[in-house]
Amino acid sequence: MYVELEQRNAPFEVVFISCDKTEEEMLTYMLEMHGDWLAVPFGDAMIEELKTTFKITAVPKLIILKPNGETLSEMGRKEVQDRGVLCFRNWLNAAGITDTLPKSVKRRTKMKEGDIAAQTETEGSRNSDRGEGDGSSVD
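Overview of the structure. Only a predicted model underlies this, so the values are computations on that prediction, with no experimental measurement involved.

In this section: the nonpolar core. One finds L5, A10, I64, V85, C87, F88, W91 and L92 forming the largest nonpolar core, which totals eight residues. The element that contributes the greatest number of residues to this core is helix α5 (residues 86-94), accounting for four residues. For I64, the residues in contact, after removing those within four places along its chain, are E70, T71, L72, S73, G76 and W91.

This brings us to the layout of surface pockets. Here the largest pocket defines a volume of roughly 1,600 Å³. Secondary-structure elements contributing two or more residues to the lining of the largest pocket are α1 (2-7), β1 (15-16), α3 (45-53), β4 (64-65), α4 (76-83) and α5.

What follows is about the environment of W37. Tracing the backbone through its elements, the reader meets W37 in the loop between α2 (23-33) and β2 (38-39). With 21 residues separating them along the chain, W37 and F16 place their C-alpha atoms 6.5 Å apart. Ignoring anything within four residues of it in the chain, the contact list for W37 reads Y2, V14, F16 and M30.

Basis of the calculations
Counting of residues starts from 1 at the beginning of each chain's written sequence and follows it residue by residue. Where local features are concerned, this predicted model is filtered to residues with pLDDT of at least 70; where side-chain atom pairs are given and counted, the filter is 80 or more; whole-chain, interface and lining totals use all residues. Side-chain numbers here rest on the full set of heavy atoms in the structure, without hydrogens or water. By nonpolar core is meant a set of buried Ala, Val, Leu, Ile, Met, Phe, Trp, Tyr and Cys residues that side-chain atoms within 4.5 Å join together. Three labels apply to residues, based on accessible area from a 1.4 Å probe with only protein chains included: buried if under 20% of the type maximum, exposed if over 50%, partly exposed otherwise in between. Every helix listed is a DSSP run of H or I at least four residues long, and every strand listed is a run of E at least two residues long, numbered separately from the N terminus. Here, residues are in contact when the closest pair of their heavy atoms is within 4.5 Å. Definitions used for this entry: grid spacing 1 Å over protein atoms alone; cavity, a set of points where a 1.4 Å probe fits but cannot get out; pocket, an open set with protein on both sides within 12 Å along at least 5 of 7 lines; lining residue, one with an atom within 4 Å of a point. Grid points are joined across faces, edges and corners, and a volume is the space filled by probe spheres set on the points.

In structure tokens form, the structure reads like this:
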């Protein structure tokens with residue numbers, strides 16, 4: 001989804017907040033999995049502040065913010081797993097951002113609800129009860 005939206009110049013950005021134990025672990029993970037994402041520098045005090053502010057207790061966690069910094073969703077990961085790119089339109093609408101969604105994404109949002117249910121059934125079953133994290137705790 002990230003690559004698809006980025007290629008279409010969708011109005012969003014992902015900022016990676018590492019919970020890795022070393023800077024080397026963080027850099028290795030970033031290069032392998034999320035090389036294009038922005039990241040808070042390893043060891044920056046902002047990491048602990050953000051973990052506290054957003055009550056991060058398990059990783060991964062995807063929190064969706066409005067451009068003004070207001071929390072839009074604390075369940076972004078589950079929403080992406082359940083609905084794929086369709087959730088992006090909901091986030092834009094909820095943030096009051098209109099007429100900026102790429103045409104290809106607009107077409108995909110017109111999928112039938114049955115298609116969404118099938119995706120949710122296969123992907124959603126991997127989520128924890130809260131829909132976030134994989135059981136990995138954050139120290």
